[in-house]
Amino acid sequence: MHIEPGILSAAKVVAANAAALATLATYSPKLVRHPVILVKTVLAAAFFSVFMEIFHLPVGASELHFVGASAVYFIFGFVPTLFGFALGLLLQGALFEPQDLIHLGVNSLSLMVPLIAVHETFGKRFFARGESKLPVSWAQILKFDAAYYAGVVSMVGFWLLMGNEATPVYDWAIFAASYLPLVLCEPIFTYVALKLLGRIENNSAVRRFTVVGELATR
């Protein structure tokens, strides 16, 4: 989901940075009012960064990563995941890929916009109370990942469309197709992780620093 330096003009990069900051500012009150969410955010960023470094491969017009989006989302919650993506990309750029810092806002939006869309359309029902709560099953995780990565692929296509030079549709299509194995594999990883954490959800650290206890798994 990385957009390489030079593809977008400086003006568009600045606009993307401003949009990313505005997006984070919109949700920052929740982060400030609940200090424990700050801890969850740091943990989300750390896990996301590890996932990103475990597997990354240039494919077509961009780069394929194991993002671990559903795992981070279902373990730490929406706001920590949202901020964790931006913080994780910042850490990755500062420590491993300094050239990626140029497009920090661009790459952050590629992950954050689909997350917001999926959360607002049906993801929030996993954390609802009462009869409206949606149980977390393997099928629901697959649905979440499919919708999320479709959004990520679309965001990459949007940035390429906005680029200084035309990118062949074929290159974007190869990148889009490369995410299919990830959509099939990540739900398994997420489901197993949730089941394991569910067995120790009464542990004080798990109860305090994750949202596993708020989920109804099956």
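Look up: the structure comes first, before these words.
Residues numbered from 1 in each chain as written. Predicted model: local features only at pLDDT ≥ 70, side-chain atom pairs only at ≥ 80, totals over all residues. Heavy atoms only, no water.

## What about the overall build of the protein chain?
Heads up, the condition is: What counts as a helix is a DSSP run of H or I of at least four residues, what counts as a strand is a run of E of at least two, and both are numbered from the N terminus. To get the radius of gyration, use the C-alpha atoms; to get the globule rule, take the number of residues to the power 0.38 and multiply by 2.2 Å. Relative accessible area decides the class of each residue, using a 1.4 Å probe on protein chains only: under 20% of the type maximum gives buried, over 50% gives exposed, and in between gives partly exposed. Only four residue types enter the tally: Lys and Arg on the positive side, Asp and Glu on the negative side, with His and both chain ends excluded. Positions of charges follow a simple convention, taking NZ of Lys, CZ of Arg, CG of Asp or CD of Glu.
Across its full length, the protein chain carries eight helices and two strands. Secondary structure of the protein chain in N-to-C order comes out as α-α-β-β-α-α-α-α-α-α. Taken against the 2.2 N^0.38 rule, which gives 17 Å for 218 residues, the C-alpha radius of gyration of the protein chain at 17 Å falls within 12% of a compact globule. Its C-alpha atoms give the protein chain principal-axis dimensions of roughly 55 × 35 × 30 Å. The buried share of the protein chain, taken over its 218 residues, is 48%. Within the protein chain, the 13 negative side-chain charges are centred at a point lying 18 Å from the centre of the 14 positive side-chain charges.

## Description of empty space enclosed by the protein
Here is the rule we go by: In this analysis, the protein atoms alone were mapped onto a 1 Å grid. Cavities are point sets where a 1.4 Å probe fits without being able to get out; pockets are open sets with protein on both sides within 12 Å along at least five of seven lines; lining residues have an atom within 4 Å of a point. Grid points are joined across faces, edges and corners, and a volume is the space filled by probe spheres set on the points. Residue type decides the class: Asp, Glu, Lys and Arg count as charged, Ala, Val, Leu, Ile, Met, Phe, Trp, Tyr, Cys and Pro as nonpolar, and the leftover types, Gly among them, as polar.
Scanning all chains against the criterion turns up one cavity of 30 Å³ or more. By volume, the largest cavity is sized at about 40 Å³. Lining the largest cavity are His2, Leu89, Gln92, Asp100, Leu104 and Asn107. Secondary-structure elements contributing two or more residues to the lining of the largest cavity are α4 (78-95) and α5 (104-121). Partitioned by chemical class, the residues of the lining of the largest cavity number two nonpolar, three polar and one charged.

## Structural notes on helix α1 (residues 10-33)
Going by this rule: Multiplying 1.5 Å by the helix residue count minus one yields the expected span of that helix. Two axes define the bend at a residue: one fitted to the seven residues ending there, one fitted to the seven starting there, and the bend is the angle between them. Contacts are assigned to residue pairs with any non-hydrogen atoms lying within 4.5 Å of each other.
For α1, with 24 residues, the first-to-last C-alpha span of 35 Å sits near the 34 Å given by 1.5 Å per residue. At Tyr27, α1 shows its strongest bend, of approximately 45 degrees, with the proline Pro29 following within four residues. Contacts made by the buried residues of α1 are with α2 (35-54), α4, α5 and α6 (138-161).

## Some remarks on the packing of helix α3 (residues 69-76) against α4
Put simply, the rule is: Each axis is a line fitted through C-alpha atoms, taken for helices only over the stretch in contact, and angles between the N-to-C directions span 0 to 180 degrees. Angles below 35 degrees are treated as roughly parallel, those above 145 as roughly antiparallel, those between 65 and 115 as roughly perpendicular, and all remaining angles as oblique. Two helices cross in a left-handed way if the nearer one is turned anticlockwise from the farther one by less than a right angle. They cross in a right-handed way if the turn is clockwise.
Two elements in contact, α3 and α4, have axes whose closest approach is 7 Å; the angle formed by their N-to-C orientations is 135 degrees. Our classification of the angle between α3 and α4 gives oblique. The chirality of how α3 crosses α4 is right-handed. In contact with Ala69, Val72, Tyr73 and Phe76 of α3, α4 contributes Phe78, Pro80, Thr81 and Phe85. Class assignment of the residues belonging to the contact of α3 with α4 gives a composition of seven nonpolar, one polar and no charged.

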